[in-house]
Amino acid sequence: MSSSVMKLEPALQLGVDWSDRACPTSHCWLSYCSKTSLPASQCAYLSRTIPEIMNMETCVECGSCIIVIHIDHIINVENAATIHNYIPPCRPSFFDMATEDNHIEHDHHYWSSISKLMKPCVLCKRKTISRMVTNDNTRISTSASHINAKTVNILKCSNKDFLKTSNSLQCLWCFKNCHKQCWENISDGNKQYKCDYGKFKNIIVHPQWLQRFSSSPVRICARFLDDVDESNTSVTPLIVFINKISGGRKGESIYRRLIRLLNPRQIFLLENNDNIKQALSIYSSLRNTRISICGGDGSVGWVLNVLADTCSSLNNPPVSICPLGTGNDLSRVLGWTPLNVRFTNYLSFGLDAAVVLDFHDQRIRDPSRFTSPFKNKLIYLNVSRTYFREFALWRAWDLRPYMRLICDGNDLTDSIRHCHTIVLLNIPSYGSGTHPWSRRLSSKALKTSNRQSQSDRFDQTSRDTSGNMFPSDYVHDENDQARSSAVNLTRRQDISDQKIEVFGPDSIQMALIHAGFRGRRIAQCSEVRIELIRSMPVHMDGEPFYLPEAIAINVAHAGQVLVLRKQQR
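Residues numbered from 1 in each chain as written. Predicted model: local features only at pLDDT ≥ 70, side-chain atom pairs only at ≥ 80, totals over all residues. Heavy atoms only, no water.

For the chain, an unreviewed UniProt entry supplies the name Diacylglycerol kinase and the organism Rotaria socialis. Its UniProt record, at the heading Sequence similarities (unreviewed entry), says of the chain: "Belongs to the eukaryotic diacylglycerol kinase family." (UniProt positions renumbered as here; feature names shortened; annotations may be inferred.)

Draft legend 1. How the structure looks around the packing of helix 7 (residues 273-282) against helix 8 (residues 297-310). One way to put it is that helix 7 packs onto helix 8 with a least axis distance of 10 Å and a crossing angle of 55°. With respect to helix 8, the axis of helix 7 lies oblique. Along this stretch, helix 7 crosses helix 8, giving a crossing that reads as right-handed. Facing Asn-273, Ile-276, Lys-277 and Leu-280 of helix 7, the residues of helix 8 in contact are Trp-302, Val-303, Val-306, Leu-307 and Thr-310. For the contact of helix 7 with helix 8, the class distribution of residues is six nonpolar, two polar and one charged. (Axes fitted to C-alpha atoms, helices over the stretch in contact; angles between N-to-C directions. Helix = DSSP H or I, 4+ residues; strand = E, 2+ residues; numbered from the N terminus. Parallel < 35°, antiparallel > 145°, perpendicular 65-115°, else oblique. Left-handed = near helix turned anticlockwise from the far one by under 90°. Contact = heavy atoms within 4.5 Å. Nonpolar A, V, L, I, M, F, W, Y, C, P; charged D, E, K, R; others polar.)

Draft legend 2. Broad picture of the packing of aromatic side chains. Per the counting criterion, the structure on display carries eleven aromatic pairs. Taking the centre distance of 5.4 Å and the plane angle of 65° together, the rings of Trp-173 and Tyr-197 count as edge-to-face. Taken as a pair, Trp-173 in the loop between strand 10 (168-171) and strand 11 (177-179) and Tyr-197 in the loop between helix 5 (189-192) and strand 12 (210-212) lie far apart in primary sequence, 24 residues in all. Side by side, Trp-173 and Tyr-197 carry an identical accessibility label, which is buried. For the pair Tyr-430 and Phe-503, a centre-to-centre distance of 5.7 Å together with 80° between the ring planes defines the contact as edge-to-face. Of this pair, Tyr-430 sits in the loop between strand 21 (421-425) and helix 12 (443-451) while Phe-503 sits in strand 22 (residues 500-504), placing them 73 residues apart in sequence. (Phe/Tyr/Trp six-rings, centres within 6.5 Å; stacked < 30°, edge-to-face > 60°. Buried < 20%, exposed > 50% of the residue type's maximum accessible area, 1.4 Å probe, protein only.)

Draft legend 3. Here's a closer look at the sheet that holds strand 6 (residues 95-96). Within the open sheet, the three strands sit side by side as 6-12-13. Their pairing is mixed. The open sheet terminates on both sides in strands that have one partner only, identified here as strand 6 and strand 13 (220-222). With two bridges joining them, strand 6 and strand 12 adopt parallel strand pairing. Bridging across to strand 12, Asp-96 finds its partner in Arg-212. (Pairing = 2+ DSSP bridges.)

Draft legend 4. Representation of the nonpolar core in the model. By size, the foremost hydrophobic cluster in this structure holds 77 residues, and its most contacted members are Trp-29, Phe-241, Tyr-255 and Tyr-283. The greatest single-element share of this core, amounting to five residues, is contributed by strand 14 (residues 238-242). The residue makeup of this core includes at least three contributed by each of domain 1 (29-89) and domain 2 (207-334). Here Trp-29 is in contact with Leu-12, Gln-13, Leu-14, Gly-15, Val-60, Glu-61, Cys-62, Ile-67, Ile-69, Ile-74 and Ile-87, once residues within four sequence places are set aside. (Core = buried A, V, L, I, M, F, W, Y, C linked by side-chain atoms within 4.5 Å. Domains from an automatic or database assignment.)

Draft legend 5. How the structure looks around helix 7. Among all positions of helix 7, only Asn-275, Ile-276, Ala-279, Leu-280 and Ile-282 are buried. End-on, the buried residues of helix 7 take up no more than an arc of 160°, which puts them together on one face. Taken together, the buried residues of helix 7 touch strand 12, strand 13, strand 14, strand 15 (267-269), strand 16 (290-295) and helix 8. Where helix 7 begins, the capping side chain belongs to Asn-272, and its oxygen is found 3.1 Å from the backbone nitrogen of Asp-274. (Arc of directions from axis to C-beta. Polar contact = N/O pair within 3.5 Å; in protein donor to acceptor, adjacent residues only side chain to side chain.)

Draft legend 6. Inspection of the side chain of Arg-417 at higher detail. Structurally, the position occupied by Arg-417 is in the loop between strand 20 (410-411) and strand 21. Assessed through its relative accessible area of 15%, Arg-417 is described here as buried. Within the structure, the side chain of Arg-417 is placed 2.5 Å from the backbone oxygen of Asp-414, a separation counted as a polar contact.

Draft legend 7. Representation of the environment of Pro-89 in the model. Positionally, Pro-89 belongs in the loop between helix 1 (71-77) and strand 6. Residues Pro-89 and Pro-24, spaced 65 residues apart in sequence, show a C-alpha to C-alpha distance of 9.2 Å.

Draft legend 8. Inspection of the pairing of strand 17 (residues 319-323) at higher detail. Summarising the sheet, strand 16 and strand 17 pair through five bridges and their orientation is parallel. Looking across to strand 17, one finds that Ile-293 is bridged to Ile-321.

Here it is, written out as structure tokens:
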């Protein structure tokens, strides 16, 4: 099988080896990447006589066990019968029925040497130990411990020289940590302390589930053993398809990460239809399988088309999506594109977001029109004018049928009546320099405004539209004062106060926000929950998007960073 394989040199293949010469402990060689790889102090070649200088340009690393080695060493011994005398083996990824004992015990820890424990030892529950007492009550120093035959068998993928000084072990499956002396001092540890495969135990494909038969057309077949309860629905082996070039090549880092965390033979690169079909064939007999597709809409459609051709209707393994593309429309519809992200400036729903989303779509379709900030503003104003005119004619429209608004546990949904936009402010500026929370009309203007008739007030804001556009509770009514007692509306807005200001303008106020109109101040709170009842455009820190279905959004303080404020002289 050619999936996940690239050629670096004529004699070396990168990726998961699906060829006939692959053995259960074959490495998954990947090019060494300084940005994502762990720093390596020495080459893992076992028969070297003197330490070698690590020239990373001529090195590769195993994505599964993270050893680093010079390419020349691999090429020189790759075909040798005693290759493991030169290169330490990797953790096993499958079971060879022709060469291995059918009655062998499984689910052993596969220990690797590390410089120090990052977590407490699974046996003694401590990170560090000064001295250990052996079975014969002899005290030994951790820095001069003896490597006996039992330990060498356990530490299959470790460097022998490193073992002489390292007292720390980590299992390559469950990532538990253990002191070497602690493990040596227990009798038959593999039976007493079997590996549980860690937090990913329900989705990892255990090596013994993948069995190679010489008579099988696909060579390797997946099936549960007798010790697995197939009625246990929590065990859901995962097959992952990854497009490495999706989303600015984010797939590359995800591929490397999953090769490390899971069984490398459950990770497949999207290269051609045959790769997908062979992967599905390998796992066709493994019950309760799941599929995850890491890529954009094109990658998802590619795999779904193969599934439609391969499986009977509605009989395929359930599919999830890790969105890596640009559009990710299908993942949005299915709810796989996340929103518990962070915003710094503001988050808005409704009219404001609809205008920005329309402007953004036009810019994507015809970027040649958007050549300067001045032209961009003119186009934005033209888009806004259409929306504001339409919304102004619908005075009865508001956001209440579209969402519930809860601030610090108080249901303030009634407060958004006649609001066309809801804005959550984290800074005192909005809409290119306006200050809708702090800017107020003068007390004289307030008194005059309260005495005026509704038509008079409207005549001040727009002489182009006839009729009464303002509801009776539009400006500074008694309900606003009652609401102030429930949620604080009088505290000064500050960029570092860990508070969120919520205000709701209508279309007229949005159009005249630069003239000082601010809309209705709804709440100043620590937590906001917005429960969308219908689909809704959203605008977050200049980036618009569309939520196609009902969803609950929780907003709370998520930490602070230091920034500099320019002093006014």
